[in-house]
Amino acid sequence: MSYLALARKWRPKTFADVAGQGHVVRALENALGSGRLHHAFLFTGTRGIGKTTIARIFVKALNCEQGVSATPCGECPSCIAIDAGRFVDFLEVDAASRTGIDDIREILDNAQYTPASGRFKVYLIDEVHMLSKQAFNGLLKTLEEPPPHIKFLLATTDPQKIPVTVLSRCLQFNLKRLPQAGILERLTSICASEGLSAEPGGLQRLARAAAGSMRDALSLLDQALAFGNGAVRDREVAEMLGSLDRQHLTGLLEALARGDARGLMDQVRQLDELVPDYDDVLAGLAGLLQQIAVIQLAGADALESGEDTALLARLAGQMPAETVQLMYQIAVLGRRDLDLAPDPRTGFEMTLLRVLAFDQADSPAATMTSSAAAPAAAGSTAPAQTPASVPAPKPQASAGLVGGEIRDWPAFVATLGLDAAARQLAANCALAAQSSSGLQLSIEPRNAHLLTESLKVRVAAAVNASFGDDRKVSFVIDKGVNDTAAARQARSEDERQRKA
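In this text the structure is predicted, and so the values were computed from the model without any measurement.

### As for the overall build of the protein
A tally of helices and strands in the protein yields 22 helices and 12 strands. Residue burial in the protein is summarised as follows: out of 500 residues, 43% are buried. Looking at the protein alone, contacts between residues at least 24 apart form 73% of all its contacts between residues at least 6 apart. For the protein, the exposed area adds up to about 25,400 Å²; of that, 51% sits on carbon and sulfur atoms.

### So, the packing of aromatic side chains
Pairs of aromatic rings are described using the distance from one ring centre to the other and the angle between the two planes. The full count for this structure, using the stated rule, is seven aromatic pairs. Considering the side-chain rings of Phe41 and Phe173, the 6.2 Å spacing of their centres and the 15 degrees angle between planes classify their relative orientation as stacked. Here the residue Phe41 occupies a position in strand S1 (residues 40–44), and Phe173 occupies one in strand S5 (residues 171–174), the gap between them amounting to 132 residues. Judged by relative accessible area, which is 1%, Phe41 ranks as buried. The buried category is assigned to Phe173, whose relative accessible area is 13%. Residues Phe43 and Phe173 carry aromatic rings whose centres are separated by 5.9 Å and whose planes lie at 20 degrees to one another, so their mutual orientation is stacked. Here Phe43, found in strand S1, pairs with Phe173, found in strand S5; they are 130 residues apart in sequence, far enough to count as distant. Taken individually, Phe43 and Phe173 each receive the classification buried, so the pair is uniform in this respect. Through a chain of ring-to-ring contacts, the aromatic side chains of Phe41, Phe43, Phe58 and Phe173 assemble into a single cluster. When the ring centre of Phe467 is taken as origin, the NZ or CZ atom of Arg471, which lies over that ring, is 3.8 Å away.

### Description of the nonpolar core
Counting 33 residues, the largest nonpolar core has Leu252 and Phe348 as its most contacted members. Those elements giving two or more residues to this core turn out to be helix H12 (246–258), helix H13 (261–272), helix H14 (278–298), helix H15 (309–318), helix H16 (321–337) and helix H17 (344–357). Element by element, the count of residues in this core is highest for H14, at nine residues. Those residues within four positions of Phe348 in sequence are excluded, and the remaining contacts are Leu252, Val268, Leu271, Tyr278, Val281, Leu282, Leu285 and Leu338.

### Quick look at helix H21 (residues 453–467)
Compared with an ideal rise of 1.5 Å per residue, which puts 15 residues at 21 Å, H21 spans 21 Å between its outermost C-alpha atoms and is within 8% of the ideal. Packed against the buried residues of H21 are strand S8 (401–402), strand S9 (405–406), helix H19 (409–413), helix H20 (420–427), strand S11 (438–443) and strand S12 (472–477). One or two steps after H21, the chain reaches Gly468, where phi turns positive at roughly 75 degrees.

### What to know about the packing of helix H10 (residues 214–227) against helix H11 (residues 234–241)
At their nearest, the axes of H10 and H11 sit 10 Å apart, and the two run at 115 degrees to each other. When the axis of H10 is compared with that of H11, the two are roughly perpendicular. Handedness of the crossing formed by H10 with H11: right-handed. Contacts between H10 and H11 involve Leu220, Gln223, Ala224 and Phe227 from the former and Glu236, Val237, Glu239, Met240 and Leu241 from the latter. Here the contact of H10 with H11 is built from residues that sort into six nonpolar, one polar and two charged.

### A word on the sheet that holds S11
Taken in spatial order, the three strands line up as S10-S11-S12 in an open sheet, and their pairing is mixed. The open sheet has two edge strands, strand S10 (429–435) and S12, and neither has a second partner. Ignoring strand direction, the axes of neighbouring strands in this sheet form an average angle of 25 degrees. For S11 and S12, the ladder comprises six bridges, and the chain directions are parallel. Looking at S12, one finds that Leu441 is bridged to Phe475. Relative to S12, H21 is tilted by about 135 degrees, and along the sheet it contacts S11 and S12.

### A look at the pattern of salt bridges
Counting across every chain of the model gives 24 salt bridges. Residue Arg258 is joined to Asp260 by a salt bridge in which the shortest nitrogen-to-oxygen separation is 3.2 Å. Among the residues examined, Arg258 registers a relative accessible area of 40% and is labelled partly exposed. It is possible to trace a salt-bridge network through shared partners that takes in Asp272, Arg345 and Glu349.

Reading the values: the criteria
Residues numbered from 1 in each chain as written. Predicted model: local features only at pLDDT ≥ 70, side-chain atom pairs only at ≥ 80, totals over all residues. Heavy atoms only, no water. Helix = DSSP H or I, 4+ residues; strand = E, 2+ residues; numbered from the N terminus. Buried < 20%, exposed > 50% of the residue type's maximum accessible area, 1.4 Å probe, protein only. Contact = heavy atoms within 4.5 Å. Areas by Shrake-Rupley, 256 points an atom, 1.4 Å probe, with all protein chains shown as cover. Phe/Tyr/Trp six-rings, centres within 6.5 Å; stacked < 30°, edge-to-face > 60°. Lys NZ or Arg CZ within 6 Å of the ring centre and 35° of its normal. Core = buried A, V, L, I, M, F, W, Y, C linked by side-chain atoms within 4.5 Å. Expected span 1.5 Å × (residues − 1). Axes fitted to C-alpha atoms, helices over the stretch in contact; angles between N-to-C directions. Parallel < 35°, antiparallel > 145°, perpendicular 65-115°, else oblique. Left-handed = near helix turned anticlockwise from the far one by under 90°. Nonpolar A, V, L, I, M, F, W, Y, C, P; charged D, E, K, R; others polar. Pairing = 2+ DSSP bridges. Salt bridge = Lys/Arg side-chain N within 4 Å of Asp/Glu carboxyl O.

Here is the structure:
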């Protein structure tokens, strides 16, 4: 018996089996249940997300011998024939190969005749946007005045190319890309049903590589089974996909976070031995930076995947939020510039070095910071923490304080050890007034969204911990706020950029 591809074997046969397209399924089920059936339906969306699958289930629902229903029996001769692709009143047309007016005219000439065995004669035109202008004009006439026994199901990945005169005569349903978690769940279920040995890490890679397409995910699963001789193993899937071990990506990030240029170049040399696609590497770095930004502002629980959460959380604590945003932007723009570089590795190296060049401390010694130079830097006198990836020497507890009073609020903020979100609030405040019983901080109206109860409590707790008492910390909104840590940092960055 010939092997049946998983994408065909596990193709949904009922609306209940369709995953991730509940908004479309619900509308079709309601239409079938109420009998309000339009004569033309347009299904749009990227490849492999269920356009033609839903269309075929809809054909069964229309022609099931048990009656028009959202739950066709799947056992009557009509349902069996439709599943097998031999139902005489169901015609599938590939518009990519039959684009001309003669092809459409041949189809429409037969549309006037009543169904031979079914309740409705149904035409499914796949990739309908490929039809010529003349073919669309020929189809339009029938869409305007369709016979009562005709239903048109149109599918396309590019609805913008369909004339508005055709679009206006169809009910349009936009199918969504499937979430990675949903694809992973489906792959896991299929492997369990098939009795296949599959490592979770390998399935995770396949779900990620499918990019929202269930059909692509099942095709990749078939490929992984062939590659692994009937089993899905993480290492073999990574080799098959040509993807990098995430340790290489996290190693690059850790070197960037330390500002360790020598270590960074060592990481690049090791990476180059694997002959990677540097565009993919930059995309992977951007993805990790996005996860770090989520952890900093929303917490680790907000991540969709728990992969490498502990490491990413540690990096999130080491890197200021501004630095993460800068790194992400440079990584994204670096992908655009790769084709302009003398060679991909040179473009990749310059992208990473650009991160350090725009994110270094003012002192020349920090330009090429390495792990060996870190101890020497620890004893130097440095300004307040900047968004540099090289952690500034931790200020002494008395920084910004003179005689038990705050004389330099931005310098004092750097000593508080706040998390990223609370530090953002404190950095955008200025000291308006202070006494032995409390202090008042002012913030501009444009930053008032930072005044959440949670952040105010965290800033107040850090201030009290620094003074060792329980003084009151209040916040006021003021348009005249100037001397803030954020403003100083912005001026410093502008100056560094001007010099660069």
